[in-house]
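# Descriptive analysis of the structure
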Amino acid sequence: MQQIYEFDTSNINPLTTSDDLYQGRSNIAAISDNGMDSDVTVCVQGYNRVEKTKQCVESILKYTGDVNYDLLLIDNGSTDGTFDFFKSVDFKKKRIIRINKNVSSIYPALVYNTSFLSRYMAGVSNDLVVTPHWLSNLLRIAESDEKIGLVQPVSSNVSNSQQVNLNFNSLVEMEKKAKDYNVSNPAKWEQRLRLVINGCLIKKEALFAIGWPFMDVGFYHDFADDDMTFRVRRAGYKAILARDTWICHDHDHTHMSSSDIEKGNRSIKIGRENFRNKYFGIDAWDDVNCFIPEYLSALKPTGTEHNRILGIDVRCGTPILEIKNRLRYSGIYDAECHAFTQQAKYFLDLQTFCGADNVFSGDIGSLVNCFDDVSFDYIVIGEDINSYKNPIGVIKSALKLLAHGGQLFVSLSNSYDLLAFLKEIRKLGSGPSKHVLSYTMDEFVNELKYEGINAKYITSRGYEQMSQDVIQFAQNCMNKLGISDEQALIGLLCDRHFFVIDKE
């Protein structure tokens, strides 16, 4: 049987070519208008939990009046009256998609496409409660730079250093605190490599660039948002965490059944491995979540408007991107990132925020030659310094590139920690020991002093998995030896020590 599909383009202006990549994508997005005369399509997908869905939609209607938007309501096979509720929603620019059986949370994206969307899409899960100015704040960020493709607010109940706790006892109190919190502030716009996406705003042209469906259907659940952030960045866009905008994620993960926990852990394991396979060995956690907040506490603004930051072996680059974000709080919006890596798998993701000409890969011995005509205000050596064959030599090379008044941040892996000892005697798991040169903190600092280098101790980081039993064991050992020195306990229990070297 012959089927003919006709499309009326009589009222659409012909597409014009553009010499600019981003403008060209914007032109394409402009001719695929959804006919709703809106700036943003707010998309709510619900599957049962109708009371949560009502709360979500009602908050959108209440707190999104300062944006020209339309609603796309998706009932993904609910059996509890969700569809009837969607029909009852009193909003002029509303469309409903009904799927009669839930086969996947991703399936609806196979049903609708970009022709349903305005210039921007805001994806809101039905366990979110939005707050005053949430969408206008996100839209202001997206409109500030054509290269911003994805904007995510902070919230409650979320990982990836995106959680902000407002501490409220009622919805009324929550809404008041959120209104006070949601004050647009460019200093709080953080560029990120990875985002947990929940209530995000994304540009339509970015969706064209990364392809549809916007979620890779190979990821059933976990790591789909990690993948989306990676694709957005690799398409040339920035992913921004809006620390000036808070929404409520009404999700309680603390009362899950044992079967739910087991199922969740399996999903995480599979998703993480799928991500590594897709991105040729890059791990979404170890290679991206390498935050080093200890350095931020010691950061000194230079007092100049333009700063240069260099990351040496910082994996995908989070440590230097965090410094760039922190400098915004001091009014420095023009920080330029550079990177050097010994592992080529990180090269592309470093380029996504450093720029194509600012990233180099090679043996550590070639470091100085790569940047012989540039000096840096901040340098971060991402891997522990005693993992290098010649730690002092690496520090000397970095100092050659450091400007006067600049800061070099270095970490030292603790090779004398208690967990290494317990593993050695097979009392706490097994596995290979850390391949690092053995340094105590004093030995490291004194060796640098001998070279005329003054390293200031910042702090130490303990093992997150250190149990109370292990801590008590360490304290008992010290008590039996008659040792009450707190620094000695740090030496037993800490994973890494952090230092800063100021170049006078």
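The paragraphs below set out a description of the structure included in this document. This one's a predicted model, so the numbers in the text were calculated from it and none came from an experiment.

### Some thoughts on the overall build of the protein
Looking only at helices and strands, the protein features 18 helices and 16 strands. Taken over C-alpha atoms, the radius of gyration comes to 26 Å for the protein, in line with the 23 Å a tight globule of 504 residues would show. Taking the principal axes of its C-alpha atoms as reference, the protein extends roughly 80 × 55 × 50 Å. Going through the 504 residues of the protein one by one, you find that 50% of them count as buried. For the protein, the exposed area adds up to about 24900 Å²; of that, 50% sits on carbon and sulfur atoms.

### Overview of the sheet that holds strand β10 (residues 306–312)
A sheet is described by the order of its strands in space; here 7 strands give the open sequence β12-β11-β10-β13-β14-β16-β15, paired in mixed fashion. Unpaired on one side and paired on the other, β12 (359–361) and β15 (455–462) mark the two borders of the sheet. Across the sheet, the axes of successive neighbouring strands diverge by a mean angle of 15°, strand direction being ignored. Alignment of β10 against strand β13 (residues 376–381), held across 4 bridges, turns out to be parallel. Across the sheet, residue Leu-310 finds its bridge partner in β13, namely Ile-379. Running over the sheet, helix α11 (residues 318–328) touches β10, β11 (334–341), β13 and β14 (402–413) and is turned about 160° from β10. The sheet strands contacting helix α14 (residues 391–401) are β10, β13, β14 and β16 (494–502), and the helix crosses β14 at an angle near 155°.

### Quick look at the state of the cysteines
On inspection of all chains with the given rule, the structure shows 0 disulfides. Cys-43 supplies the cysteine sulfur nearest to Cys-200, a cysteine that is in no disulfide, at a spacing of 10 Å. Classification of Cys-200 as buried rests on a relative accessible area of 6%.

### Quick look at the environment of Phe-340
Positionally, Phe-340 belongs in strand β11. Exposure remark for Phe-340: the relative accessible area of 0% places this residue in the buried category. Separated by 24 residues in the primary sequence, Phe-340 and Ile-364 have C-alpha atoms spaced 8.5 Å apart.

### Side note on the pattern of salt bridges
A complete count under the given rule lists 32 salt bridges for this structure. For the salt bridge of Lys-278 with Asp-216, the shortest nitrogen-to-oxygen distance reads 2.7 Å. Of the two residues, Lys-278 is situated in helix α9 (residues 258–278) and Asp-216 in the loop between α7 (204–210) and α8 (224–234); the sequence distance between them amounts to 62 residues. Using a relative accessible area of 29% as the deciding quantity, one classes Lys-278 as partly exposed. Across the pair Arg-272 and Asp-286 runs a salt bridge whose closest N-O atoms are separated by 3.3 Å.

Basis of the calculations
- Residues numbered from 1 in each chain as written.
- Predicted model: local features only at pLDDT ≥ 70, side-chain atom pairs only at ≥ 80, totals over all residues.
- Heavy atoms only, no water.
- Helix = DSSP H or I, 4+ residues; strand = E, 2+ residues; numbered from the N terminus.
- Rg over C-alpha atoms; globule rule 2.2 N^0.38 Å.
- Buried < 20%, exposed > 50% of the residue type's maximum accessible area, 1.4 Å probe, protein only.
- Areas by Shrake-Rupley, 256 points an atom, 1.4 Å probe, with all protein chains shown as cover.
- Pairing = 2+ DSSP bridges.
- Axes fitted to C-alpha atoms, helices over the stretch in contact; angles between N-to-C directions.
- Contact = heavy atoms within 4.5 Å.
- Disulfide = S-S within 2.5 Å.
- Salt bridge = Lys/Arg side-chain N within 4 Å of Asp/Glu carboxyl O.

The values are spatial; any link to function lies outside them.
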